[in-house]
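Here is how the chains run, residue by residue.
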Number of protein chains: 2
Amino acid sequence: MPSPNRTTNEEVVAAAREILEDAGPGGLTMQAVAGRVGVRAPSLYKRFADREALLAAVVAATVEELGRRLDGAEDLTAIARTYRAFAHERPEAFRLVFTPYAEQEALRRSAEPVLRAAADLVGEEDALVAARLFTAWATGFLHMELAGAFRLGGDVDEAFAYGLDRLRAGLLAGRR
Amino acid sequence: MPSPNRTTNEEVVAAAREILEDAGPGGLTMQAVAGRVGVRAPSLYKRFADREALLAAVVAATVEELGRRLDGAEDLTAIARTYRAFAHERPEAFRLVFTPYAEQEALRRSAEPVLRAAADLVGEEDALVAARLFTAWATGFLHMELAGAFRLGGDVDEAFAYGLDRLRAGLLAGRR
DNA sequence: ACCTGAACACCGTTCAAGT
DNA sequence: ACCTGAACACCGTTCAAGT
């Protein structure tokens, strides 16, 4: 006798993302996720091989959303602003993006707008290395900000603006 | 009847650091650490309040060692090289440095050489923001490299050299 | 077909009892 | 004083049995 699905993969991932932000990675238990979608923990194994696979799906959904938002950003300034707003909104998920959980494919898609903006600045030939410089800076800055590494002094917004400004200047000067 | 200590805090932390690199954070269990220093897991609670406190001590020791190595580096190029070599040597510990586990004090000490090198380049007034630009880039780059985010194409060494070069150029151009 | 209770392995942590 | 066996709570995961 077939019984209808009591939940969906999308619903499970959405629940996991909420729990992740509310309770951190340690609070993201199979039981907590199951409870939020109204099933028991063993049922989740029909949908995800194990907790790690669920985490990978959470990261994939996060990277996808980030990619969608970045699509609207046209230059490095807009991209940086969007990127930072996203990290502030979903700090726990953001922390997981650059871990081995992340899938290459989704990362590549979300890197597209950065590559385009970098090409506009330095040309096609150096677009990749320039995009990596920008992404590494933005990623590192946000990781440090979220970890509280900037609590010691100085204005964080000012440091972000300075970094973006000097980065753009360095890229423009290296044009060829 | 007093019994002599069968281990020391330093030995426990050293064991934990080895296990962390060999087996990742998931393999860093209290039992594994205890086993390596020749005691049972409950004994560790005489030395560290809980697993999180032990992890914090691991990160503190890591940051301290990084700081010691950076002391020998005089300019941003040398610092970048040292920083990258360290991340390659202890990837798992490096990943934990910019998390809430890290203590502010140790981080500040290890930031000293970067501040000095930044001041040499842009002057005292902008040294802090310049150091944050450099550190964010280096940290982000290494996190991405360790996460395999650069496996898609292009030469990683070249991207690192390009980033450092453009960063220095941007800083120099902003001198005032 | 999908779901679950029960069970197992494993881990963090506590504590009374050993020396 | 330091160490440990035993116990407890909690979690990931499996699976036979339910509908």
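These numbers were taken from a predicted model, which means no experiment stands behind them. (Residues numbered from 1 in each chain as written. Chains lettered and ligands numbered in written order. Predicted model: local features only at pLDDT ≥ 70, side-chain atom pairs only at ≥ 80, totals over all residues. Heavy atoms only, no water.)

**Let's talk about the UniProt feature "DNA-binding region" (unreviewed entry) in chain A**
Condition: UniProt positions are given in the numbering used here, feature names are shortened, and annotations may be inferred rather than shown by experiment. Helix and strand definitions follow DSSP, with helices as H or I runs of at least four residues and strands as E runs of at least two, each counted in order from the N terminus.
As annotated by UniProt and renumbered to match this structure, "DNA-binding region" (unreviewed entry) occupies residues 29–48 of chain A. Within the segment residues 29–48 of chain A, helix and strand shares are 40% and 0% respectively, and the terminal C-alpha atoms sit 13 Å apart.

**Observations concerning the protein's contact with DNA strand D**
Heads up, the condition is: Throughout this document, a residue counts as near a molecule or strand when at least one of its heavy atoms sits within 4 Å of that molecule or strand. Polar contact criterion, stated in full: a pair of N or O atoms within 3.5 Å, where within protein one must be able to donate a hydrogen and the other to accept it, and residues adjacent in sequence count only if both atoms are side-chain atoms.
If you check the shell around DNA strand D, you find 17 residues, and the closest are R51(A), N5(B), R6(B), R40(B) and S43(B). The sugar-phosphate backbone supplies 72% of the atoms of DNA strand D found within 4 Å of the protein. M30(A) is positioned such that a nitrogen or oxygen atom in its backbone is 2.9 Å from a phosphate oxygen of DNA strand D. The contact in question runs from a sugar or linking oxygen of DNA strand D to an N or O atom on the side chain of N5(B), over 3.3 Å.

**Overview of the relation of the copies chain B and chain A**
Short version of the rule: The copies were overlaid by least squares, fitting only the C-alpha atoms of residues that reach a pLDDT of 70 or more in each copy. Two residues qualify as a contact provided that any one of their heavy atoms is within 4.5 Å of a heavy atom in the partner residue.
Superposing chain B onto chain A takes a rotation of 180° combined with a translation of 0.0 Å along the rotation axis, leaving an RMSD of 0.0 Å. The superposition operator between the copies reduces to a two-fold rotation axis. Taken as a fraction of all interface residues of chain B, those also at the interface in chain A reach 100%, which identifies the copy contact as same-surface.

**What about the interface of chain B and chain A?**
Basically, it comes down to this: Two parts placed together each lose some accessible area under a 1.4 Å probe, and adding up what both lose gives the buried area. By convention in these notes, a salt bridge is any Lys or Arg side-chain nitrogen within 4 Å of a carboxyl oxygen on Asp or Glu.
Each partner contributes to the interface: chain B provides 40 residues, whereas chain A provides 41 residues. When the two sides are added together, the surface that chain B and chain A hide from each other amounts to roughly 3300 Å², 70% of it contributed by carbon and sulfur. At the junction of chain B with chain A, the criterion picks out zero salt bridges. The interface formed by chain B and chain A holds four residue pairs in polar contact (both at pLDDT 80 or more) in total.

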